[in-house]
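One-letter residues, chain by chain:
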2 protein chains.
Amino acid sequence: MITVVIIGSGNVATHLCTAFRNSTGVRVIQTFNRKNKAIGTIPVTDDYALLRLADLYIIAVSDDAIAEVSQQLPFTGRLVVHTSGSVALEELHSGNRKGVFYPLQSFSMNKTVNFADIPLCIEAADESDTVFLKTVAGSISDHVHPVDSDQRRSLHLSAVFVNNFTNYMYTIGHELCKENRLPFDLLRPLIRETAAKIEDVSPEEAQTGPARRHDESTIRKHLDLLKPHPGYEEIYRLLSKNIREMYPEQE
Amino acid sequence: MITVVIIGSGNVATHLCTAFRNSTGVRVIQTFNRKNKAIGTIPVTDDYALLRLADLYIIAVSDDAIAEVSQQLPFTGRLVVHTSGSVALEELHSGNRKGVFYPLQSFSMNKTVNFADIPLCIEAADESDTVFLKTVAGSISDHVHPVDSDQRRSLHLSAVFVNNFTNYMYTIGHELCKENRLPFDLLRPLIRETAAKIEDVSPEEAQTGPARRHDESTIRKHLDLLKPHPGYEEIYRLLSKNIREMYPEQE
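Residues numbered from 1 in each chain as written. Chains lettered and ligands numbered in written order. Predicted model: local features only at pLDDT ≥ 70, side-chain atom pairs only at ≥ 80, totals over all residues. Heavy atoms only, no water.

### With respect to helix H3 (residues 127-138) of chain B
Residue and element names in this part refer to chain B. The first and last C-alpha atoms of H3 sit 16 Å apart over twelve residues, in line with the 16 Å expected at 1.5 Å per residue. For H3, the complete set of buried residues consists of Asp 129, Thr 130, Leu 133, Val 136 and Ala 137. Burial along H3 is one-sided: seen end-on, the buried residues are contained in an arc of 125°. (Helix = DSSP H or I, 4+ residues; strand = E, 2+ residues; numbered from the N terminus. Expected span 1.5 Å × (residues − 1). Buried < 20%, exposed > 50% of the residue type's maximum accessible area, 1.4 Å probe, protein only. Arc of directions from axis to C-beta.)

### Some thoughts on the pattern of salt bridges
All names here are of chain B. The final tally for this structure, using the stated rule, is 22 salt bridges over all chains. Among the salt bridges present, the one from Arg 188 reaches Asp 185, with a minimum N-O distance of 2.7 Å. The residue Glu 216 makes a salt bridge to Arg 244 at a minimum N-O spacing of 2.8 Å. Within this pair, whereas Glu 216 is found in helix H7 (residues 216-225), its partner Arg 244 is found in helix H8 (residues 230-246), the two being separated by 28 residues in sequence. (Salt bridge = Lys/Arg side-chain N within 4 Å of Asp/Glu carboxyl O.)

### What about the pairing of strand E2 (residues 26-32) of chain A?
Residue and element names in this part refer to chain A. Burial analysis of E2 places six of its seven residues in the buried class, which makes it a mostly covered element. Judged from the six bridges that link them, strand E1 (residues 2-7) and E2 form a sheet pairing that is parallel. When the bridges of E2 are listed, Thr 3 appears paired with Arg 27. Crossover handedness for the path E1 to helix H1 (residues 11-21) to E2: right-handed. As judged from the two bridges shared by E2 and strand E3 (residues 44-45), these two strands associate in the parallel manner. (Pairing = 2+ DSSP bridges. Right-handed = clockwise from strand over helix to strand, strands pointing away.)

### Remarks on the packing of aromatic side chains
All names here are of chain B. Across all of its chains, the model carries 16 aromatic pairs over all chains by this definition. Where Phe 107 meets Phe 115, the ring centres are 5.9 Å apart and the plane angle is 20°; that geometry is what we call stacked. Residues Phe 107 and Phe 115 agree in their burial class; the two are buried. (Phe/Tyr/Trp six-rings, centres within 6.5 Å; stacked < 30°, edge-to-face > 60°.)

### Re the relation of the copies chain A and chain B
Here chain A sits on chain B after a turn of 180° about the axis and a move of 0.0 Å along it, with an RMSD of 0.0 Å. Taken together, these values place the two copies in the relation of a two-fold axis. Judged by C-alpha distance, Thr166(A) is the residue of chain A that lies nearest the rotation axis, at 2.6 Å. A shared interface surface links the copies, since 99% of the contact residues of chain A are contact residues in chain B too. (Least-squares fit on C-alpha atoms with pLDDT ≥ 70 in both. Contact = heavy atoms within 4.5 Å.)

Right, here's the structure in full:
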């Protein structure tokens, strides 16, 4: 049985605890957080001195707390990983073996996720630790990918575009609907289809709309409509410019 | 039996023909297009003079051809609708009764759609025509919405944000993956979850990421990574600025 201690009590820590509960071969024997808040029935401590010995320590805290937490660990030579997309391996304290265990997903506290579908990106300074992390990650996810630090940083950046910025596009749609007394439900099938379409074709092929077809008359009408929202107007203008340049006019 | 003639041979015309084939009470008796290209087994003509008499004429052609097609129709007093999100009702020729039959979805030729799930936005100059269009639309869609021209224009604009611009965010993610020799498949679960999340919460609540939490250090790292792509860098900067302003810092 592989033993794991999880440090943190946020979304990632909680979802990892839940995922490992259903895994075979890996057990979370303790969690640590400053509020001493238990996750399920797993023993919890708020005292670094009481951390139990384990095969793996997963630091699932906010990016700017990772370095400090890794320094507080009262042992050396053990495998310590963080779960961040953007923090370098080297920010972990040098006394322990270093690794990364990065689930590429956006978690919400109240929403259960099927961890088996979530890509788990792993990295370790040491080859045998990489093999070990593969085993641990494979016990909860069907999609384990060894990636290096540069690749991980790019993935995190890509995630900002496809998740954070996409969600902001939904927000603008929502806002425009509200202003015009239209239910946001009208846009939901389109949102679903937009995400579903790229399961079959690349996003480059899936692109449609006035900017792609250089329909300047529609673009002008839309920019007019956006006059009361200079922020949205600027976004519309910039994204349309980029799309236009990507798809040169066909005649 | 309500009879319909569909003018056009593109995505919308084709998908409408397919949808009406499974409807009860409405039949497409003829299609018209200049190439004389049949859709399924429906009789086709390329000669305006041979257009059959019908209860409804649906002009499903590109936006800039709608006015001209409506002028060519060799009759008056009949109900003629177009399927565009952004063309005014008034652009239809005045000799006939005017309406709009706008399916709020992005269609691809090779992808079957379940029309029942697609919102159909209808509009007519005349009240009895509105009632009639409700019947026709209701025979293929479970989501029929009478909207006025202003609302329709806003919906079309919203669709550009949640569909066209969202798809462009996917394209950027795809491009960044390719450059870093990463499979785009890594991002798919996140893309699916991003779309699924707002079925339960509003996009405003669903927003996460460095900009929302005013994480300037991560934003700086990302802008550095984007240096080779001035276009993407500008988009990242603008969207982050807008998100930051929307969610004031909490302390």
